Amino acid sequence: MGASAERVTEQLRRDVLGGFFPPGTRLTETLLVERYGTSRVPVREALRALAGEGFVDLRPNAGARVAQVPVDDLADLYAVRRVVEEITASRCARRVAAGESAVVEELTGIVEAGFAALESGDPVLGAELNSRFHGAIARLSGSRSMGMVLRRVSEQIQWAYATTVPQQGLRAWTEHRRIVAAIASGDEQRAGRAMVRHVETSRRGFTRR
């Protein structure tokens, strides 16, 4: 995949996950070419890539549409996410205990940006920063495999939450701040518990919708 197609793929994924293009939205090449300032070839490659990830339905002679959110899979996705994120948060705390303060600095910066996005009323940016926060914890944990698993799981969950970002935002970012504080303490168990509480609150919030 060329650089243009990769850029369009990332931008389209962002728009789908953030709710700019809700499930069922028809994605014409003309619409996407105009929105992303590119030609039709990168758009076609992006649509094929996101179809492979499950975000787009591509049907012969019917064009492309944003797929429906896989709500039936959420219980399993949350179960995986809980285990993975408990591990990554604990490992981040271990790094802090070893004297790596840059971990806390990076996470704090993302949390501050998240609150700013909330105040400006930008749900798409808020959703992107939410993914960046959890992705940063996975990356900073030093476990590449955990990061790869988390990305796929979190994207599906984020997609399900896209329409509730403005309502869930304040709670989520307040909990993110608590997670950073737990990681900053260098206590692995405290950090793991803080992350598990966050994931469980998120899961319960969705099931009450």
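Residues numbered from 1 in each chain as written. Predicted model: local features only at pLDDT ≥ 70, side-chain atom pairs only at ≥ 80, totals over all residues. Heavy atoms only, no water.

- Taking an unreviewed UniProt entry as the reference, the protein is identified by name as DNA-binding GntR family transcriptional regulator belonging to Kineococcus radiotolerans.

Points about the overall build of the protein
Now for step 1: Helix and strand counts for the protein stand at nine helices and two strands.
Now for step 2: Overall, the protein shows an N-to-C arrangement of helices and strands of α-α-α-β-β-α-α-α-α-α-α.
Now for step 3: Here the C-alpha atoms of the protein give a radius of gyration of 18 Å, agreeing with the 17 Å that 2.2 N^0.38 yields for 209 residues.
Now for step 4: Seen through its C-alpha atoms, the protein measures out along the principal axes to roughly 55 × 40 × 35 Å.
Now for step 5: Of the roughly 10,600 Å² of accessible surface on the protein, 51% is carried by carbon and sulfur atoms. (Helix = DSSP H or I, 4+ residues; strand = E, 2+ residues; numbered from the N terminus. Rg over C-alpha atoms; globule rule 2.2 N^0.38 Å. Areas by Shrake-Rupley, 256 points an atom, 1.4 Å probe, with all protein chains shown as cover.)

Some remarks on the pattern of salt bridges
Now for step 1: In the structure shown here, the tally under the stated rule is 14 salt bridges.
Now for step 2: We note a salt bridge from Glu-29 to Arg-44, for which the minimum N-O separation is 2.9 Å. You can see Glu-29 sitting in helix H2 (residues 29-36) and its partner Arg-44 sitting in helix H3 (residues 40-53), a full 15 residues away along the chain.
Now for step 3: With a relative accessible area of 23%, Glu-29 lands in the partly exposed category.
Now for step 4: Glu-100 is paired through a salt bridge with Arg-95; the nearest N and O atoms lie 2.4 Å apart.
Now for step 5: On the basis of relative accessibility, which here comes to 34%, the residue Glu-100 falls in the partly exposed class.
Now for step 6: Using a relative accessible area of 25% as the deciding quantity, one classes Arg-95 as partly exposed.
Now for step 7: Via salt bridges that share partners, Glu-10, Arg-13 and Glu-53 belong to a single interconnected network. (Salt bridge = Lys/Arg side-chain N within 4 Å of Asp/Glu carboxyl O. Buried < 20%, exposed > 50% of the residue type's maximum accessible area, 1.4 Å probe, protein only.)

Quick look at the layout of surface pockets
Now for step 1: What the largest pocket holds in volume is close to 530 Å³.
Now for step 2: Put simply, the parts of the chain that give the lining of the largest pocket at least two residues each are helix H1 (3-17), helix H6 (123-140) and helix H7 (144-161).
Now for step 3: The element that contributes the greatest number of residues to the lining of the largest pocket is H6, accounting for ten residues.
Now for step 4: Here the residues of the lining of the largest pocket sort into six nonpolar, seven polar and eight charged. (1 Å grid on protein atoms, 1.4 Å probe; cavity = no way out; pocket = protein on both sides within 12 Å on 5 of 7 lines; lining within 4 Å. Points joined across faces, edges and corners; volume = space filled by probe spheres on them. Nonpolar A, V, L, I, M, F, W, Y, C, P; charged D, E, K, R; others polar.)

A closer look at a positive patch on the surface
Now for step 1: Taken together, the side chains of Arg-178, Arg-190, Arg-193 and Arg-197 define a basic patch exposed on the protein surface.
Now for step 2: For the positive patch, the element with the highest residue contribution is helix H9 (residues 188-207), accounting for three residues.
Now for step 3: Mapped onto the elements of the fold, Arg-197 is located in helix H9. (Patch = residues over 30% accessible without salt bridge, like charges linked within 9 Å, V, L, I, M, F, W, Y side chains within 5 Å. Lys, Arg positive; Asp, Glu negative; His and termini not counted. Charge placed at Lys NZ, Arg CZ, Asp CG, Glu CD.)

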